[in-house]
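Working through the structure, step by step
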Amino acid sequence: MTELTSFRLNNGVKIPSLGLGTWQLPENPQLVESLAGAIKMGYRYIDTAAIYENETSVGEAIRASGVNREDMFVLSKCWTAHRTYDSVLRAFDDTMKRLRLDYLDCYLIHWPCTKGDPLAWQSVNIGTWRAFERLYEEGVVKSIGVSNFLVHHLVSFLSKANVKPAVNQLEYHPGYRQQKTVQFCQKEGILVQAWSPLGHGALTHVPEIAAIGDAHGKSVTQVILRWCLQNGVLPIMRSRTPEHQRENMAIYDFELTAEEMAAIDALPLMGFSGLEPDHVSF
Ligand SMILES: NC(=O)c1ccc[n+]([C@@H]2O[C@H](COP(=O)([O-])OP(=O)(O)OC[C@H]3O[C@@H](n4cnc5c(N)ncnc54)[C@H](OP(=O)(O)O)[C@@H]3O)[C@@H](O)[C@H]2O)c1
């Protein structure tokens, strides 16, 4: 059995194979307590973003957990409002001040810029990336990547990038698999990370997945997270409930068969957020 407890990014950086998400978790002492508890439980990868407005709590939770900074993997994302070179550098500085950390493990362009002038997005994205490349060269971020980039966004981007993105974070779960983009990234050596791997909670009771779980003594969420790993995709799930957090970590002691993987792949569209990168309003 392959344990799959970590992945290696295309620049050699090691990354824990399960991320803890923080979308829609407002900044407050309860969040600090919940995240610190999860870190003590064993979570080592926290996913945040400037737009989530909780980076201060993420930094506090890491310090409160007592776990060494070097043993954590912290990812944040640059919001769409920051697109010029100087504006990206300022946004990064603000993120680091809120987190109160010396470096970030990964920094992502949150969404491809496709709003407004349909011809401008290619140059806007690569312009943003030049600032990311500078941060990477300075060593204040250990890896850089993108999020919600589809194949057509990536093709033009890769031809101009000096540093290849290490990561593409996408909506990915059994009800929305984005195979074209996933396969493209995997061929290019870009690690796909799954956001909303549980379909924002909508997939936690799918009977076909429950039946597969029964065969292994595992829950629906454990099967989904394991399915991500076996597809070479790193899931970033969100849970505030300690029992769920504990349950969701127990995904390294079983293996789905090829037939079970295929049965999950064959599930119909469900749980899709409706967020299409070329049509979102931000
Ligand atoms: N890059 C992007 O554009 C982007 C977009 C969206 C999200 N993300 C990232 O991806 C993360 C995950 O996505 P998400 O927040 O949409 O959520 P998700 O992980 O797909 O689902 C979270 C929901 O599932 C429930 N859950 C978790 N474990 C469970 C279990 N074992 N049994 C039953 N229910 C369970 C949680 O409830 P409890 O809290 O009660 O456990 C919560 O309601 C985000 O938090 C964010 O960090 C990135």
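Right, let's walk through the structure included here.

The next point concerns the sheet that holds strand β3 (residues 19-21). Spatially, β3-β4-β5-β6-β7-β8-β9-β10 is the arrangement adopted by the eight strands of the closed barrel, whose pairing is parallel. Pairs of neighbouring strands in the sheet enclose a mean axial angle of 25°, with direction left out of account. Across three bridges, strand β9 (residues 191-195) lies against strand β10 (residues 234-237) in parallel orientation. Bridging across to β10, A194 finds its partner in P235.

Near the ligand, the surroundings consist of 29 residues, among which S196, H200, R238, S239 and T241 are the closest. In this structure, S196 approaches the ligand through a side-chain N or O atom, which is 2.5 Å from an oxygen atom. Within the side chain of T221, a nitrogen or oxygen atom sits 3.2 Å from a nitrogen atom of the ligand. Here the ligand loses 89% of its free accessible area of 920 Å² to cover by the protein chains. Listing elements by their share of the shell around the ligand, those giving two or more residues are β10 and α9 (242-249). For the shell around the ligand, the element with the highest residue contribution is α9, accounting for three residues. Of the residues assigned to the shell around the ligand, the class counts are eight nonpolar, 16 polar and five charged.

Across its 15 residues, helix α3 (residues 85-99) extends 21 Å between first and last C-alpha, which sits within 8% of the 21 Å expected from 1.5 Å per residue. For α3, the complete set of buried residues consists of S87, V88, L89, A91, F92, T95, M96 and L99. R100 lies just past α3 and shows a positive phi near 55°.

What follows concerns the nonpolar core. Formed by 86 residues in total, the largest nonpolar core has its most connected members in I15, L104, Y107, W129, F132 and L256. Those residues in contact with F132, other than ones at most four positions away along the chain, are C78, V88, Y107, L108, I109, I144 and G145.

On to the packing of helix α1 (residues 29-41) against α9, then. Two quantities define a packed helix pair, namely the angle between the axes and the distance from one axis to the other. It is the contact of α1 with α9, at a shortest axis distance of 11 Å, that shows an interaxial angle of 30°. For α1 against α9, the interelement crossing comes out right-handed. Side by side, α1 and α9 meet where S34, A38 and M41 of the first sit next to P242, Q245, R246 and M249 of the second. Residues of the contact of α1 with α9, tallied by class, amount to four nonpolar, two polar and one charged.

A separate point is the packing of helix α4 (residues 121-138) against helix α5 (residues 151-160). At a minimum axis separation of 10 Å, α4 and α5 run at an interaxial angle of 50°. As judged from the angle between their axes, α4 and α5 are oblique. In the crossing of α4 with α5, the sense of the turn from one axis to the other is right-handed. For the pair α4 and α5, contact is made by W121, Q122, N125, I126, W129 and R130 and by H152, H153, S156, F157 and K160, respectively. Of the residues assigned to the contact of α4 with α5, the class counts are four nonpolar, five polar and two charged.

About the cut-offs
- Residues numbered from 1 in each chain as written.
- Predicted model: local features only at pLDDT ≥ 70, side-chain atom pairs only at ≥ 80, totals over all residues.
- Heavy atoms only, no water.
- Pairing = 2+ DSSP bridges.
- Helix = DSSP H or I, 4+ residues; strand = E, 2+ residues; numbered from the N terminus.
- Axes fitted to C-alpha atoms, helices over the stretch in contact; angles between N-to-C directions.
- Near = heavy atom within 4 Å.
- Polar contact = N/O pair within 3.5 Å; in protein donor to acceptor, adjacent residues only side chain to side chain.
- Areas by Shrake-Rupley, 256 points an atom, 1.4 Å probe, with all protein chains shown as cover.
- Nonpolar A, V, L, I, M, F, W, Y, C, P; charged D, E, K, R; others polar.
- Expected span 1.5 Å × (residues − 1).
- Buried < 20%, exposed > 50% of the residue type's maximum accessible area, 1.4 Å probe, protein only.
- Core = buried A, V, L, I, M, F, W, Y, C linked by side-chain atoms within 4.5 Å.
- Contact = heavy atoms within 4.5 Å.
- Left-handed = near helix turned anticlockwise from the far one by under 90°.
- Parallel < 35°, antiparallel > 145°, perpendicular 65-115°, else oblique.

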